[in-house]
Amino acid sequence: MTDFDVDLFVIGGGSGGVRAARIAAGHGARVMVAEEYRFGGTCVIRGCVPKKLMVYASHVHHELQDAAGFGWRIPQASFDWATLIANKDREIARLEAVYAANVEKSGAKIVRSRAVFEDPHTLRLSSGETVRARTVLIATGGAPNHGPAIPGIEHVISSNEVFHLPQQPKRIVIQGGGYIALEFACIFAGLGSDVTLVYRGENVLRGFDDDVRAHVRAEMEKAGITILTGCTVAAIDKHGEEYTSHLSNGSSVASDQVMFAIGRHPNVANLGLEKAGVAIDPSNGGVLVDGFSRTSVPHIYAIGDVTHRFNLTPVAIREGHAFADTVFGGRSVTVDYADIPTAVFSQPEVGTVGLTEAEARAQYSRVDIYKTSFRPMKVTLSGRDTRVLMKLVVDGTTDRVVGCHIVGPEAAELVQVVAIAVKMKATKADFDATMALHPTAAEELVTMRSPTVRHVREAAE
């Protein structure tokens, strides 16, 4: 007779938790997954997936602009926000059902309930029922962070609420300079809204390659987005259905909505972690884990955004799989966090993998940079003013390509493929030896012959 009701209890039905549950169940474990909101987590329900659908919607205005150059005569088009939101909601509901069904098909049991620790092995559900688990996995993800309280903060929406606005704002102020802020700035601009982006730093996309940051900002400003850097929203006043955002530089901006996308924090509050003895990482506020995603309590693990390591859905999925294989599959598996590709679905799109130019210069004594910027073939007929940026960062000593950065159409798709070469430690000579596929934008990646700049660090005397 066992003392435990289940071998594994997973708190959170997002991408990471679901993958861990399914793999563990496949290894023969008795698994239960608790989700208090909707299966699919941030990515599927209120993140990557609905965002990408809205990005597609916002692209249509470029297609309409380009059409005339190719001989198409299209009557005046109109956009209906309610139709987009309804269709988006229908697709998200379908995906949620798929996620839940896949968990059950694996043999794991789902409970639609909040779960909190009563002690290191006991979870209490919203119903009052308790479950004893041999192993517990925390996969509760993250949540939007509005930052310090300011006057009028109650008027601010986040990336959670933006998907459910009853109507499209004609004017919107968005504070932030990262993935979410830029993506929604471009979404709303593409749908016809007047967009003002406010960011405290000197330029958007902190942490990305400097050429990428400059290129994206220039392209967004050409699209009519107002970008105000070096300042923050200090206070917000509401006047009827309108808002006035007072900025730290003394100026103000009127709008119909104010959205903050300045970061996310781990979902660790009110989980009873202190009752379980689970430690928090003081450096980032997430659950403290080791290389196997084990917390300070040996039988409790944590994966995904709740650890605040690399807040990307594929990372959470890989961590969940590695955890299940390690704990229930009989083999030790760790996650390799090097050379993780990532994308920003701004307009133009950003795809990047590996080191930035600055990071490479700090790490290697010799760095070669190959860079090109050009007009996409498509806009040579339409006349639309946009350019593509492609950049390779190369270790000048070994000739290995250590970074690739693309800004332009389908940048994410291109970088996903390039990431394979970077992960395999391909050299610039390997790129050069690859036959170009013409006419494509991607052929530039294998036809850049001469470095645009070479950095050589002088040896210390």
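You'll find the structure just up there.
A short tour of the structure in this document, coming up. These numbers were taken from a predicted model, which means no experiment stands behind them.

## Quick word on the overall build of the protein chain
Then comes step 1: In terms of helices and strands, the protein chain carries twelve helices and 22 strands.
Then comes step 2: At 24 Å, the protein chain has a C-alpha radius of gyration in line with the 23 Å of a compact globule built from 461 residues.
Then comes step 3: Along the first, second and third principal axes, the C-alpha atoms of the protein chain reach 75 × 65 × 50 Å.
Then comes step 4: With 461 residues in all, the protein chain has 49% of them scored as buried.
Then comes step 5: If you take every contact in the protein chain between residues at least 6 apart in sequence, the share linking residues at least 24 apart comes to 63%.
Then comes step 6: In the protein chain, the 47 positive side-chain charges and the 52 negative ones have mean positions that sit 3 Å from each other.

## Looking at the packing of aromatic side chains
Then comes step 1: In total, this model carries seven aromatic pairs according to the counting rule given.
Then comes step 2: Judged by centre distance (5.5 Å) and plane angle (70°), the ring pair of Phe163 and Phe184 falls under edge-to-face. With Phe163 in the loop between β7 (142–144) and β8 (171–175) and Phe184 in helix α5 (residues 179–190), this pair connects stretches of sequence that are 21 residues apart.
Then comes step 3: Phe163 gets classed as buried once you look at its relative accessible area, which sits at 1%.

## A short note on the pairing of strand β1 (residues 6–11)
Then comes step 1: Here β1 lies mainly inside the structure; six of its six residues are buried.
Then comes step 2: When β1 meets strand β6 (residues 130–138), the two strands line up parallel, connected through five bridges. Bridge pairing in β6 places Val10 opposite Leu137.
Then comes step 3: Crossover connection from β1 via helix α1 (residues 15–26) to parallel strand β2 (residues 31–34): handedness right-handed.

## Structural notes on α1
Then comes step 1: The end-to-end C-alpha distance of α1 is 17 Å, a good match for the 16 Å that twelve residues give at a rise of 1.5 Å each.
Then comes step 2: The element α1 is extensively covered by neighbouring structure, given that nine of its twelve residues are classed as buried.
Then comes step 3: All of the buried residues along α1 are Ser15, Gly16, Gly17, Val18, Ala20, Ala21, Ile23, Ala24 and Ala25.
Then comes step 4: Taken together, the buried residues of α1 touch β1, β2, α2 (41–46), α4 (81–105), β6 and α8 (313–328).
Then comes step 5: Looking one or two residues past α1, Gly28 carries a phi angle of roughly 100°, positive in sign.

## Quick look at the sheet that holds strand β10 (residues 226–229)
Then comes step 1: Here four strands make up an open sheet; going across it, the order is β10-β9-β8-β14 and the pairing parallel. Of all strands in the sheet, those bounded by a partner on one side alone are β10 and β14 (257–260). Direction aside, the axes of adjacent strands within the sheet are offset by 15° on average.
Then comes step 2: By the bridge criterion, four bridges tie strand β9 (residues 194–199) to β10 in an arrangement that is parallel. What sits directly across from Tyr199, in β10, is Thr229.

## Brief notes about the sheet that holds strand β18 (residues 350–354)
Neighbouring strands of a sheet are bound in pairs by backbone hydrogen bonds; such pairs are parallel or else antiparallel.
Then comes step 1: Strand order in this open sheet of six strands is β17-β18-β21-β20-β19-β22, and the pairing throughout is antiparallel. Each edge of the open sheet is held by one strand with a lone partner, namely β17 (342–344) and β22 (453–456). The mean inter-strand angle of the sheet, taken between neighbouring strand axes irrespective of direction, is 15°.
Then comes step 2: Of the pairings in the sheet, the one linking β18 to strand β21 (residues 401–407) comprises five bridges and is antiparallel in character. Bridge pairing in β21 places Gly351 opposite Ile406.
Then comes step 3: Against the sheet, helix α11 (residues 411–423) makes contact with β17, β18, β20 (388–395) and β21, and its axis sits at roughly 10° relative to β18, the strand it touches most.

Criteria and thresholds
- Residues numbered from 1 in each chain as written.
- Predicted model: local features only at pLDDT ≥ 70, side-chain atom pairs only at ≥ 80, totals over all residues.
- Heavy atoms only, no water.
- Helix = DSSP H or I, 4+ residues; strand = E, 2+ residues; numbered from the N terminus.
- Rg over C-alpha atoms; globule rule 2.2 N^0.38 Å.
- Buried < 20%, exposed > 50% of the residue type's maximum accessible area, 1.4 Å probe, protein only.
- Contact = heavy atoms within 4.5 Å.
- Lys, Arg positive; Asp, Glu negative; His and termini not counted.
- Charge placed at Lys NZ, Arg CZ, Asp CG, Glu CD.
- Phe/Tyr/Trp six-rings, centres within 6.5 Å; stacked < 30°, edge-to-face > 60°.
- Pairing = 2+ DSSP bridges.
- Right-handed = clockwise from strand over helix to strand, strands pointing away.
- Expected span 1.5 Å × (residues − 1).
- Axes fitted to C-alpha atoms, helices over the stretch in contact; angles between N-to-C directions.

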